[in-house]
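# Overview (structure and organization)
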Amino acid sequence: SSENSNSSAILFSHGFGAGPNNHRKTLDFLADNGYFIVAPEHRDYISFNSNEAIINIENISRLFPDIETTLENLRTISGYEGIRALRALELFFREAFHGLVENIEVLEIFNSLFDYRKQELEVAFNLIREKVYVKIWLLSYSLGGNTAIEKLSIDSSQISASCFLSPLSGLSQFNQFNIPTRW
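Residues numbered from 1 in each chain as written. Predicted model: local features only at pLDDT ≥ 70, side-chain atom pairs only at ≥ 80, totals over all residues. Heavy atoms only, no water.

Another aspect to go through is the nonpolar core. By size, the foremost hydrophobic cluster in this structure holds 19 residues, and its most contacted members are L74, I83, L91, V106 and F110. Those elements that place two or more of their residues in this core are α2 (64–74), α3 (85–95) and α4 (104–112). Look past the residues within four positions of L74 in its chain and what remains in contact with it is Y80, I83, A88, V106, I109 and F110. One finds V38, F125, A148 and I159 within the second-largest nonpolar core, a separate group that totals 15 residues. (Core = buried A, V, L, I, M, F, W, Y, C linked by side-chain atoms within 4.5 Å. Buried < 20%, exposed > 50% of the residue type's maximum accessible area, 1.4 Å probe, protein only. Helix = DSSP H or I, 4+ residues; strand = E, 2+ residues; numbered from the N terminus. Contact = heavy atoms within 4.5 Å.)

Written out as structure tokens, the structure is:
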């Protein structure tokens, strides 16, 4: 619509286990300053609701099939045939997260674990495009940074700029951007 023709939208991708509400003050500030905010809740979001010392973890079981598939896929790579779940988690969190894994096959398998994030981000991106916003900014945090990097590696033509807040960039092999980017 014409009412949005001079407006900017921000697409926000949160980190693993967190959610948009963890960044509510920042997103509210941006919204209060005229930005249209779209912040999808990725399916790896885990809600830690405290109610009289009871902590409820809502969504973690959604990831179990993906984790099992990832483990099976790792076992097809030479040198990883006998990898056990604990070692795979260590490889993921201590090494891949920090860019210490050089085996491209391993990185691709870990990246595929989060393919759903790319799809969720694309749905949100399409929502913004339908609203006819001229400028679209991509804002991300932690694993959301990896998701954003992957989005930019596929198509950055409609994104005006990006900002990565503590990005988990160790999973991505993409490192050249053709839009203004801040790390």
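Here we take up the side chain of H42. Along the chain, the position of H42 falls in the loop between β2 (36–38) and β3 (48–51). A polar contact is formed between the side chain of H42 and the side chain of S13, at a distance of 2.9 Å. For H42, the contacting residues outside a window of four places in its chain are S13, H14, R117, E120 and L121. (Polar contact = N/O pair within 3.5 Å; in protein donor to acceptor, adjacent residues only side chain to side chain.)

Further remarks concern the pattern of salt bridges. Counted under the stated rule, the structure contains 6 salt bridges. The salt bridge involving R94 is made with E90; its shortest N-O contact spans 3.2 Å. Taken together, the residues R94 and E90, both in helix α3 and 4 residues apart, mark about one turn of the helix. Residue classification places R94 among the exposed positions, given a relative accessible area of 58%. On the basis of relative accessibility, which here comes to 33%, the residue E90 falls in the partly exposed class. Among the ionic pairs, E122 bridges to R129, the shortest N-O distance being 3.4 Å. The network of salt bridges with shared partners includes R87, E90, R94 and E95. (Salt bridge = Lys/Arg side-chain N within 4 Å of Asp/Glu carboxyl O.)

In this section: the packing of aromatic side chains. Tallied over the entire structure, the rule returns 4 aromatic pairs. Aromatic pair F92 and F93: ring centres 4.9 Å apart, planes at 75 degrees, arrangement edge-to-face. Overall, F93 belongs to the partly exposed group, its relative accessible area being 35%. Ring geometry for F92 and F114: centres 5.7 Å apart, planes at 25 degrees, overall stacked. A residue pair is termed long-range when its members are at least 10 positions apart, and F92 in helix α3 and F114 in the loop between α4 and α5 (115–130) qualify at 22 residues. A relative accessible area of 5% means that F92 is categorised as buried. Through a chain of ring-to-ring contacts, the aromatic side chains of F92, F93, F110, F114 and Y116 assemble into a single cluster. Sitting above the plane of the Y116 ring, R43 keeps its charged end 4.2 Å from the centroid. (Phe/Tyr/Trp six-rings, centres within 6.5 Å; stacked < 30°, edge-to-face > 60°. Lys NZ or Arg CZ within 6 Å of the ring centre and 35° of its normal.)

On to the side chain of T147. Relative to the elements of secondary structure, T147 occurs in helix α6 (residues 143–154). Assessed through its relative accessible area of 2%, T147 is described here as buried. When near neighbours in sequence (up to four residues on either side) are disregarded, T147 contacts S13, R117, K118 and L121.

Relative to strand β6 (residues 161–167), strand β5 (residues 135–142) is paired through 6 bridges, and the arrangement is parallel. Each residue of the ladder has a partner; that of Y141, found in β6, is L165. As for the winding sense of the linkage, the β-α-β connection from β5 through α6 to β6 is right-handed. (Pairing = 2+ DSSP bridges. Right-handed = clockwise from strand over helix to strand, strands pointing away.)

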